[in-house]
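Structure assessment
Each chain, letter by letter, is given below.
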Amino acid sequence: MGDEELLRYSRHILLPELGIEGQEKLLASRVLILGLGGLGSPVALYLASSGVGELTLVDHDTVDLTNLQRQIAHDSAQLGHTKVSSAQSHIHRLNPAVRVHTHAERANAQTLNVWLNDIDLVIDCSDNFATRHLVNRACFERKIPWIFAGAITMDAQISVFDPRDPKSPCFACLFPAELAPEEVNCASLGVLAPLVGVIGSLQALEAIKVLTHIGEPLVGRLLMLEARQMRFSEMRLKRLPSCPVCAQPSMG
Ligand SMILES: [Zn+2]
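Presented here is an overview of the structure given in this document. Predicted, not measured: the structure shown is a model, and the values here were computed from it.

Moving on, we come to the coordination of the zinc ion. Taken together, the protein ligands of the zinc ion are C170 (SG), C173 (SG), C243 (SG) and C246 (SG), with distances of 2.3 Å. Around the zinc ion, the 4 donor atoms sit at angles spanning 94 to 123°, and that spread fits a shape best called tetrahedral. Mapping the donors of the zinc ion onto the primary sequence yields the spacing C-x2-C-x69-C-x2-C. Placement of C170 in the loop between β6 (155–161) and α8 (171–174) and of C243 in the segment after β8 (231–236) is noted, with a sequence separation of 73 residues between them. The same class applies to C170 and to C243, which are both buried.

On to the environment of G53. Relative to the helices and strands, G53 is located in the loop between α4 (40–49) and β2 (54–58). Given a relative accessible area of 5%, G53 falls into the buried group. A C-alpha to C-alpha distance of 27 Å links G53 and F171, two positions 118 residues apart in sequence. Setting aside chain neighbours within four positions, we find G53 in contact with L26, L27, S29, A97, V98 and R99.

Moving on to the pairing of β2. Within β2, 5 of the 5 residues are buried, leaving the element largely enclosed by the surrounding structure. Direction of pairing for strand β1 (residues 30–34) relative to β2: parallel, over a ladder of 5 bridges. If you follow V31 over to β2, its bridge partner there is L55. For the segment spanning β1, α4 and β2, crossover handedness is right-handed.

Reading the values: rules and limits
Residues numbered from 1 in each chain as written. Predicted model: local features only at pLDDT ≥ 70, side-chain atom pairs only at ≥ 80, totals over all residues. Heavy atoms only, no water. Donors = N, O, S within 2.8 Å, 3.2 Å for Na, K, Ca; no water. Tetrahedral: all angles 85-135°; square planar, octahedral: opposite > 155°, others 65-115°. Helix = DSSP H or I, 4+ residues; strand = E, 2+ residues; numbered from the N terminus. Buried < 20%, exposed > 50% of the residue type's maximum accessible area, 1.4 Å probe, protein only. Contact = heavy atoms within 4.5 Å. Pairing = 2+ DSSP bridges. Right-handed = clockwise from strand over helix to strand, strands pointing away.

Next up, the structure:
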């Protein structure tokens, strides 16, 4: 690490749990962010400012006026541009050392299979269950940890799934694919802007913990925020013995 990096990351390096060793781990990390909207914006900006070495950004959409109330990686000058190029230029102004790859297309099983090569962690910032089940399966097969979150109106939730941990449940243990709840999104129900900032920031925080092995990540726990009364609550999650994704075939 050079002098400029020692200064840029000095407030990280001061943390006993992180230090120079942890910062070196971040600089060598490669993270894929799926969705550059309300959650993906703070995730991308905090991981870039924190010095995560390589970010792969995936989003098929372009920046629309209705996005700017909460999607803080984008601004009025980027209207009509792809969200990945808008986020990339913001990241470059924030921390030019971060290497950014962009894919302005939808994720499917094939594209995900290619994009997950050499990825250490995936952060799901999409807004639909089909994508999350896709990410869950791909990450389970490759033993890549991933961070789920969702936010709508004034409610949000977040959890970490780590297929390297034999006790970790997976997303399909929690939300069986055949019981997918009716899709609701911010376009139909609305969302309070700072709520996605709070939950996206928690995703970035958990990402840094997983990448640097600090503390205990939200594995096996679903953290929920009810913002009207400002109450956090937590639900313990268990592996589903009959889970179609993570149950061991030998255990029948
Ligand atoms: Zn499972």
